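# An overview of the molecular structure
Spelled out, the chains give:
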Amino acid sequence: MNTVQLCQRLKIDFPVFAFTHCRDVVVEVTNAGGIGVLGSIKLSPEELDMELSWIDERVDGKPYGVDLIVPGAMEGRAESPDADAVLGLLPEAHKEFAEGILASRNIDGSVVNDEIRKESLYFSNNARLSGADRLLDVVFRHPVALVANALGVPPAQMVQRSKEHGVLVAALVGTVDQAVRQAQAGVDLVIAAGGEAGGHCGEIGTMVLVPEAFAALSAYPQTTLLAAGGIVTGRQMAAALCLGAAGVWCGSVWLTTSEAETPPVIKDKMLAARSSDTVRSRSRTGKFSRQLHSGWTDAWEAASAPAPLPMPLQTALVTPYLTLVDKLASGGHEGARELSTYYVGQGVGMMNKPLTVRATMQALREDFLEAHERLGGFVQNEA
């Protein structure tokens, strides 16, 4: 599908796919003519059902999507271990190291116990095949237009069940080979995410990856290409379409909006950040993800740091500590503020003014049209 066909297929006005963990952002983007996509990795099936029902009541039948994370490679991907079994795999040395990072900023990390850790096992549960199936059971009870998967080719049952319900399947990739594998697996929308992206990302830049993927996917006309990775302005969106994408997938740009769930202290750090103030680190999930540079990311890069655990164990290890850091930072604890971090792409350097979601969408449209006019003027002058 080209851009026009994609918009017609989804009944949207502007090909912006907004990934977010905030239902308010989903609703605002969808009602503004794009398509909001709710990240569900932190939600139980019951919580997801409530979130989607809330969205349904506010979008009047307009399209929205749901994003899952079922990694292609993850320890115990096909298993369903109980919480005690997962926690039993966390080395004491890693716990002591994490507590030492907090102690260096006058934070008592020993308050994190196994009961608190169990509350943070949503990733361990939802990222497994059985967990994804439970979430999909909920998704297909709602008028969802799109199901997306990150970190690998979606499980066959996700693709099959989505197609049976007339729901488009999307997946993120960081290389051309991954894009081809997704197309061969029957994915409808391949999201080429450059290394500038927030969250899990590869090393190849968006400007290189998108046209490479576009060329490779020419052999798979049933597959449509979206661009992602550091895209926070309309001119970048225009560039992505020139490179072959039919639309863009944006996540970071919503994090500083007034509706976003992002903690205020993190919003302040993002609004003040430059594009160089992010790092790719394995310290949050065990796989490389781009996030704000902080004392936490520095500590895990030190020569004395232990190697991050494989996914999902690193997530189970660090989430309770980072949750504590966020809580203390929001209360004014300066040491916690130094440690606080959050997933965000390099486009953060252009996110320097707090806006509503609607204002952000309008800014994207206006900037896109200005870029289109500049390009059109150049072509006319050349002719």
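Residues numbered from 1 in each chain as written. Predicted model: local features only at pLDDT ≥ 70, side-chain atom pairs only at ≥ 80, totals over all residues. Heavy atoms only, no water.

## Examining the overall build of the chain
The test is simple: The numbering of helices and of strands both runs from the N terminus, where a helix is a DSSP run of H or I of at least 4 residues and a strand a run of E of at least 2. Here the globule rule reads 2.2 Å times residues to the power 0.38, and the radius of gyration is calculated from C-alpha atoms. Relative accessibility thresholds used throughout: buried, under 20% of the residue-type maximum; exposed, over 50%; partly exposed, between the two (1.4 Å probe, protein chains only). Two residues form a contact once any of their heavy atoms are found within 4.5 Å. Residue-level accessible areas treat just the shown protein chains as cover; the underlying method is Shrake-Rupley with a 1.4 Å probe. Charge convention: Lys and Arg are scored as positive, Asp and Glu as negative, and His as well as the terminal groups of each chain are ignored. In plain terms, the charge of a residue is placed at NZ if it is Lys, CZ if Arg, CG if Asp and CD if Glu.
Counting secondary structure elements, the chain contains 17 helices and 11 strands. Since a compact globule built from 383 residues should have a radius of gyration of about 21 Å, the 20 Å found for the chain is in line with a globular shape. Its C-alpha atoms give the chain principal-axis dimensions of about 65 × 45 × 40 Å. A total of 383 residues make up the chain; the buried ones form 54% of that total. A separation of at least 24 residues holds for 68% of the contacts in the chain among residues at least 6 apart in sequence. Split by element, the accessible area of the chain, about 15900 Å² in all, is 52% carbon and sulfur. One way to put it: in the chain the 32 positive side-chain charges average out to a point 2 Å from where the 44 negative ones average out.

## Observations regarding the confidence of the model for the chain
Our working rule: Every residue is assigned a pLDDT by the predictor, reflecting its confidence on a scale from 0 to 100.
Looking at the chain as a whole, its pLDDT mean stands at 91, while 93% of the residues score no less than 70. Predicted confidence is poor over residues 73-78, with pLDDT under 50, and the contacts of this stretch with residues over four places away or in other chains come to 21 contacts.

## A word on the packing of aromatic side chains
We count it as follows: Pairing of aromatic rings covers Phe, Tyr and Trp, the last counted by its six-membered ring, and requires centre-to-centre distances within 6.5 Å; plane angles under 30 degrees mean stacked, over 60 mean edge-to-face, and any other angle means tilted. Here, over-ring charges are defined by two tests on the NZ atom of lysine or the CZ atom of arginine: distance to the ring centre within 6 Å, and angle to the ring normal within 35 degrees.
For the structure shown, the criterion picks out four aromatic pairs. Ring centres of Phe 14 and Phe 368 lie 5.8 Å apart, and the angle between their planes is 85 degrees; on these two criteria the pair is classed as edge-to-face. One end of the pair, Phe 14, is in the loop between helix 1 (3-10) and strand 1 (16-20); the other, Phe 368, is in helix 17 (residues 357-382), with 354 residues separating them in the sequence. For the pair Phe 14 and Phe 368, a shared accessibility class is recorded, and that class is buried. Taking the centre distance of 6.2 Å and the plane angle of 20 degrees together, the rings of Phe 19 and Trp 249 count as stacked. Linking Phe 19 in strand 1 with Trp 249 in strand 9 (residues 247-250), this pair joins segments that are 230 residues apart in sequence. An aromatic cluster is built from Phe 97, Trp 296 and Trp 300, whose rings are joined through pairwise contacts. Stacked on the ring of Trp 54, the Lys or Arg Arg 23 has its end atom at 4.0 Å from the ring centre. Directly above the aromatic system of Phe 288 lies the positively charged group of Arg 280, at a separation of 4.5 Å from the ring centroid.

## Points about the sheet that holds strand 10 (residues 278-281)
This is how the line gets drawn: When DSSP finds two or more bridges between two strands, those strands count as paired.
Taken together, the three strands give an open sheet; going across it, the order is 7-11-10, and neighbouring strands pair in antiparallel fashion. On the outer flanks of this sheet lie strand 7 (199-200) and strand 10, each paired with one strand and no other. As paired strands, strand 10 and strand 11 (residues 289-292) are joined by four bridges and run antiparallel to one another. By the bridge assignment, Val 279 is partnered in strand 11 with Gln 291.

## Details of the pairing of strand 8 (residues 224-228)
Put simply, the test is: By convention a crossover is right-handed if, when the strands point away from the viewer, the path from the first strand over the helix to the second runs clockwise.
The buried count for strand 8 comes to five of five residues, which makes it a mostly enclosed element. With burial as the criterion, each face of strand 8 is covered, one bearing Thr 224, Leu 226 and Ala 228 and the other bearing Leu 225 and Ala 227. In the sheet, strand 6 (residues 189-193) pairs with strand 8 via five bridges, with the strands oriented parallel. Looking at strand 8, one finds that Leu 189 is bridged to Thr 224. Pairing between strand 8 and strand 9: two bridges, direction parallel. Following the sheet pairing, Leu 226 is matched in strand 9 by Gly 247. A crossover connection joins strand 8 to the parallel strand 9 through helix 12 (residues 234-242); in handedness this β-α-β unit is right-handed.

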